[in-house]
Amino acid sequence: MTLGCALSGLVPNATDPARRTVAVMGTWLHAEVAAPGGPSASAALEAAIAEVERMDALLGTWDPSAPLSRANRAPVGTPTPVPAEAAALLAEARGWAARTGGAFEPALGALVDAWGLRGGGRIPDADELALALRRVGAGAVRVDPDAATLTRLQDGAWVDTGGFGKGAALRSAADTLRARGVSRAFLDLGGQVLVLAAPGEAPWRVAVAHPALRQDTATLLLLRDVSAATSGNSERGSSVGGTAVGHILDPRGGAPAPWWGSVTVVSADPFVADVLSTALYVLGPEAGLAWARDLPDVGVLFLVETSDGLEAVHNQAMERWLDAPPPSAGTSHSRPERRLP
Ligand code: AMP
Ligand code: MG
């Protein structure tokens, strides 16, 4: 589908965009960039992709040789040097733990292990769960951004960057694109999008998928110069003996957050969108909406599955990005340009 294809008055773009899809961060990055003149668009596209790949290497915890993977295995009590940028991002992520009442917590590796989330999933017994919970949070891992070190404070404790890595990467990619004078671009990194559109340019129309019927569009958003992230426990959740083990954990009680739908967060800062979509999924639609109600610049949309269909609730800030009335199950819309899971 072409950039700015004519849907509901969206104007076509003057220049052909550069486009590429690459595997990165355990998902796909679909990127397209329009810039005045073709060559600069492709150079900017490559620079943005390289930036996402750099952040993957910086923040990844799957590759055993990655800097954070090493720090995650270092002896307890020993400050381990990590790249300064990684330490700063980890400290920023940990800052959100306090602000979200512990709903967001990157130092939750012990729980990831207890539930076997990096394998096929497993159900821990009560003792294992209690032990893992003691190995989570501020008392489990210390991040010192000034010294650029990470210190494991407990056996079995480690940091998982999965809740904010994409947001960090898209923030960096946005900086790279803007520094190259790009005003129009669309990056989709496995469920989180970055949308650049200058004033006067058409916004991007992005579909938010129905949380259970993924091919159906629940809501349409009109976005420019923001990022939108969706979190839900359906996509990668596995089932162990009939019990759903979703990939989003509630670090407060230790269990996977229950399935209820999805939450989409729109923010000018991709990092904030990523952190808050995970946090608000954990908080759930009621506590989450109460928490997000008065945020002035962050749009929050909960899609809640009920016995009567899909219920959409959002904070006031979200209104400026909504392109359609709240959905009812089975509603069909005109075809969107892009889609969020
Ligand atoms: P997202 O898809 O952005 O909601 O992030 C989900 C990923 O973040 C999971 O796959 C875990 O790696 C990690 N994660 C799970 N639960 C949490 C949480 N409560 N706080 C921070 N990160 C989490
Ligand atoms: Mg997230």
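Preceding this section is the structure that the text describes.
The following paragraphs examine the structure supplied in this document.

Rules used throughout
- Residues numbered from 1 in each chain as written.
- Chains lettered and ligands numbered in written order.
- Predicted model: local features only at pLDDT ≥ 70, side-chain atom pairs only at ≥ 80, totals over all residues.
- Heavy atoms only, no water.
- Helix = DSSP H or I, 4+ residues; strand = E, 2+ residues; numbered from the N terminus.
- Buried < 20%, exposed > 50% of the residue type's maximum accessible area, 1.4 Å probe, protein only.
- Contact = heavy atoms within 4.5 Å.
- Areas by Shrake-Rupley, 256 points an atom, 1.4 Å probe, with all protein chains shown as cover.
- Core = buried A, V, L, I, M, F, W, Y, C linked by side-chain atoms within 4.5 Å.
- Donors = N, O, S within 2.8 Å, 3.2 Å for Na, K, Ca; no water.
- Near = heavy atom within 4 Å.
- Polar contact = N/O pair within 3.5 Å; in protein donor to acceptor, adjacent residues only side chain to side chain.
- Nonpolar A, V, L, I, M, F, W, Y, C, P; charged D, E, K, R; others polar.
- Pairing = 2+ DSSP bridges.
- Expected span 1.5 Å × (residues − 1).
- Bend = angle between axes of the 7 residues up to and from the residue.
- Salt bridge = Lys/Arg side-chain N within 4 Å of Asp/Glu carboxyl O.

**Quick look at the overall build of the protein**
Moving on, step 1. What the protein contains, in helices and strands, is seven helices and 16 strands.
Moving on, step 2. Residue burial in the protein is summarised as follows: out of 341 residues, 55% are buried.
Moving on, step 3. Sequence separation of 24 or more characterises 63% of the internal contacts of the protein that already satisfy a separation of 6 or more.
Moving on, step 4. Taken as a whole, the protein presents about 14,100 Å² of accessible surface, with 53% of it coming from carbon and sulfur.

**Here we look at the nonpolar core**
Across soluble globular proteins, you tend to see nonpolar side chains buried next to one another.
Moving on, step 1. L29, L59, F164, L177, L187, L276 and L280 are the most contacted members of the largest nonpolar core, which totals 71 residues.
Moving on, step 2. Looking at this core, the element that brings in the most residues is helix α7 (residues 270–292), giving twelve residues.
Moving on, step 3. Every residue in contact with L29, bar those within four places of it in the chain, is listed here: R20, T21, V22, V24, I49, V52, L187, D188 and L189.
Moving on, step 4. If you look at the next biggest cluster of nonpolar residues, it comprises 20 residues, including L221, L301, M318 and L340.

**Points about the coordination of the magnesium ion (ligand 2)**
Moving on, step 1. Around the magnesium ion (ligand 2), the donor atoms from the protein are G163 (O), D274 (O), D274 (OD) and T278 (OG1), and they sit 2.0 to 2.8 Å away.
Moving on, step 2. Sequence positions of the donors to the magnesium ion (ligand 2) reduce to the motif G-x110-D-x3-T. Here G163, found in the loop between β5 (149–152) and α6 (165–179), pairs with D274, found in helix α7; they are 111 residues apart in sequence, far enough to count as distant. Each member of the pair, G163 together with D274, is buried.

**Focus on the site of ligand 1**
Moving on, step 1. Neighbouring ligand 1 are 16 residues, the closest being A103, D160, S231, L249 and T278.
Moving on, step 2. At 3.0 Å, a backbone N or O of G163 approaches an oxygen atom of ligand 1.
Moving on, step 3. S231 places a side-chain nitrogen or oxygen 2.6 Å from an oxygen atom of ligand 1.
Moving on, step 4. Computed on the free molecule, ligand 1 has an accessible area of 500 Å², of which 92% lies beneath the protein chains in the complex.
Moving on, step 5. Per element, the largest residue contribution to the shell around ligand 1 is three residues, and it comes from α7.
Moving on, step 6. In terms of residue class, the shell around ligand 1 is built from seven nonpolar, five polar and four charged.

**Overview of the pairing of strand β4 (residues 141–144)**
Moving on, step 1. Where burial is concerned, the two faces of β4 differ: the one with V141 and V143 is buried and the one with R142 and D144 is not.
Moving on, step 2. Note: β4 against β5, four bridges, orientation antiparallel. Counterpart to V141 in the pairing with β5 is R152.
Moving on, step 3. What sits between β4 and β5 in their antiparallel hairpin is a turn of four residues, with A148 showing a positive phi close to 55°.

**What about the environment of A86?**
Moving on, step 1. Take A86: it is sitting in helix α3 (residues 84–99).
Moving on, step 2. Along the backbone, A86 and G60 are 26 residues apart, and their C-alpha atoms lie at a distance of 9.9 Å.
Moving on, step 3. With residues near it in sequence (within four places) discarded, A86 still touches L58, L59 and L68.

**Focus: α7**
Moving on, step 1. With 23 residues, α7 extends just 17 Å between its outermost C-alpha atoms, more than 12% less than the 33 Å of an ideal straight helix rising 1.5 Å per residue.
Moving on, step 2. When the local axis directions of α7 are compared, the greatest deviation, roughly 125°, occurs at G284, which is followed within four positions by the proline P285.
Moving on, step 3. Put simply, D269 is the residue that caps the front of α7, since its side-chain oxygen is 2.9 Å from the backbone nitrogen of F271.

**Brief notes about α6**
Moving on, step 1. Between its first and last C-alpha, α6 extends 21 Å over 15 residues, near the 21 Å set by a 1.5 Å rise per residue.
Moving on, step 2. Burial analysis of α6 places twelve of its 15 residues in the buried class, the great majority of the element.
Moving on, step 3. Buried residues of α6: G165, K166, G167, A168, A169, L170, R171, S172, A173, A174, T176 and L177, and no others.
Moving on, step 4. Phi turns positive one or two residues past the end of α6, at G181, with a value near 80°.

**Observations regarding the environment of S277**
Moving on, step 1. Residue position: S277 is located in helix α7.
Moving on, step 2. Spatially, the C-alpha atoms of S277 and A228 are 8.9 Å apart, while their sequence positions differ by 49 residues.
Moving on, step 3. Side chain to side chain, S277 and S231 meet in a polar contact 2.9 Å long.

**Some details on the pattern of salt bridges**
Moving on, step 1. Under the criterion given, the structure shown has 13 salt bridges.
Moving on, step 2. With a closest N to O distance of 2.8 Å, E92 and R171 form a salt bridge. With a gap of 79 residues between them, E92 in helix α3 and R171 in helix α6 connect regions that are remote in the sequence.
Moving on, step 3. Each of E51, R54 and E85 takes part in a single network of salt bridges with overlapping partners.

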